[in-house]
Amino acid sequence: MAEHTHVLFVEDDDVIREATQLALERDGFVVTAMPDGLQGLEAFRADRPDIALLDVMVPGLDGVSLCRRIRDESTVPVIMLSARADSIDVVLGLEAGADDYVTKPFDGAVLVARIRAVLRRFGHASGPDSAAPSANEGGSPDGGVLHFGDLEIDTEGMEVRKDGAPVALTPTEMRLLLEFSSAPGTVLSRDKLLERVWDYGWGGDTRVVDVHVQRLRTKVGQDRIETVRGFGYKLKA
């Protein structure tokens, strides 16, 4: 998977930037490393990388703002890097459109594993191995199209409409919605969603799930996905 995968890495600490770049290149990634957000944005637009690793606190254009700019132009996966496990840093990065985050200092093997997990998820979201439910599962089947009130999910074309208007979802949001639509009315725990959507084979931060559910709700309807306190979430059938 790593072969020819292009990573944009934005980090202002010279030692961390150089050491991480070398570690990623040893694993077969092609890395463009930039010391600030403005140069990072220029590199993103010029190179169109496969994934972006953005430190939260970089000069010129901070990582959260850079993530927003990237998300305005692309659904490329984004992982935020933060020196603190601060709730504000984490939530701001995820709300800006990041797909995951890693807290510094990080182990190189862990970072590579998270990158590969995100890349697998994005490949599945648009490819033939997608985790799309069959046309017989949930809603009203119509050639792979599921209907939940005013929400229409095309599980083959990977398109979503609300009241007939297209809804733009990131691949992570699409996979999350597909998980809900494959079992409407069934409560899915945060841990289960981390395993299925984020491909975590280990314990993950459930804030990732909560923020993405909130982002998804703003796009498909606040009352479409219900919170079952103490258990998780479910799609209103």
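Refer to the structure printed above.
Calculation notes
Residues numbered from 1 in each chain as written. Predicted model: local features only at pLDDT ≥ 70, side-chain atom pairs only at ≥ 80, totals over all residues. Heavy atoms only, no water. Buried < 20%, exposed > 50% of the residue type's maximum accessible area, 1.4 Å probe, protein only. Helix = DSSP H or I, 4+ residues; strand = E, 2+ residues; numbered from the N terminus. Pairing = 2+ DSSP bridges. Right-handed = clockwise from strand over helix to strand, strands pointing away. Axes fitted to C-alpha atoms, helices over the stretch in contact; angles between N-to-C directions. Contact = heavy atoms within 4.5 Å. Arc of directions from axis to C-beta. Polar contact = N/O pair within 3.5 Å; in protein donor to acceptor, adjacent residues only side chain to side chain.

*Asks:* Could you give an account of the pairing of strand 3 (residues 51-55), with specific residues and numbers?
*Replies:* Most of strand 3 sits out of view: 5 of its 5 residues are buried. Burial of the side chains of strand 3 extends over both faces: I51, L53 and D55 are buried on one face and A52 and L54 on the other. Bridge analysis of strand 1 (residues 6-10) against strand 3 gives 4 bridges, and the strand direction is parallel. Note on strand 3: the bridge partner recorded for V10 is L54. In terms of strand pairing, strand 3 meets strand 4 (residues 78-82) through 4 bridges, oriented parallel. The residue bridging L53 from the neighbouring strand is I79, located in strand 4. One crossover worth recording links strand 3 to the parallel strand 4 by way of helix 3 (residues 63-73), and it is right-handed.

*Asks:* Go over the sheet that holds strand 4 with me, naming the residues and quoting the values.
*Replies:* Taken together, 5 strands build an open sheet; the order of strands is 2-1-3-4-5 and the sheet is parallel. Each end of this open sheet is capped by a strand with a single partner; those strands are strand 2 (30-34) and strand 5 (100-103). Mean inter-strand twist for the sheet, computed between neighbouring axes without regard to direction, equals 20°. For strand 1 and strand 2, the ladder comprises 5 bridges, and the chain directions are parallel. Of the residues in strand 2, the one forming a bridge with H6 is V30. Sheet strands touched by helix 2 (residues 37-47): strand 1 and strand 2. Its angle to strand 1, the strand with the most contacts, is close to 165°.

*Asks:* So what about unusual backbone geometry? Which residues, and what values?
*Replies:* In this structure, P105 follows K104 across a cis peptide bond, with omega equal to -5°. Take P105: it is sitting in the loop between strand 5 and helix 5 (108-126). Positive phi values are uncommon outside glycine, yet R48 reaches one of about 50°. Mapped onto the elements of the fold, R48 is located in the loop between helix 2 and strand 3. Here D163, not a glycine, exhibits a phi torsion of approximately 55°, which is positive. With respect to the secondary-structure elements, D163 resides in the loop between strand 8 (159-162) and strand 9 (165-167).

*Asks:* Could you give me a rundown of the environment of D205, with the residues and numbers involved?
*Replies:* For D205, the position within the fold is in the loop between helix 7 (190-197) and helix 8 (207-220). For D205 and Y101, which are 104 residues apart along the polypeptide, the C-alpha to C-alpha distance reads 9.3 Å. Apart from residues no more than four positions distant in its own chain, D205 is found in contact with Y101, L194 and Y200.

*Asks:* Tell me about helix 3, residues and numbers included.
*Replies:* Turning to helix 3, its buried residues are G63, V64, L66, C67, I70 and R71. Taken end-on, helix 3 shows its buried residues confined to a sector of 160°, consistent with a single buried face. Lining the buried residues of helix 3 we find strand 1, helix 2, strand 3, strand 4 and helix 4 (87-95). Its side-chain oxygen placed 3.0 Å from the backbone nitrogen of V64, D62 serves as the N-cap of helix 3.

*Asks:* Outline the side chain of S181, listing residues and values.
*Replies:* Take S181: it is sitting in helix 6 (residues 171-181). A relative accessible area of 0% places S181 in the buried class. Separated by 3.1 Å, the side chain of S181 and the backbone oxygen of L178 make a polar contact.

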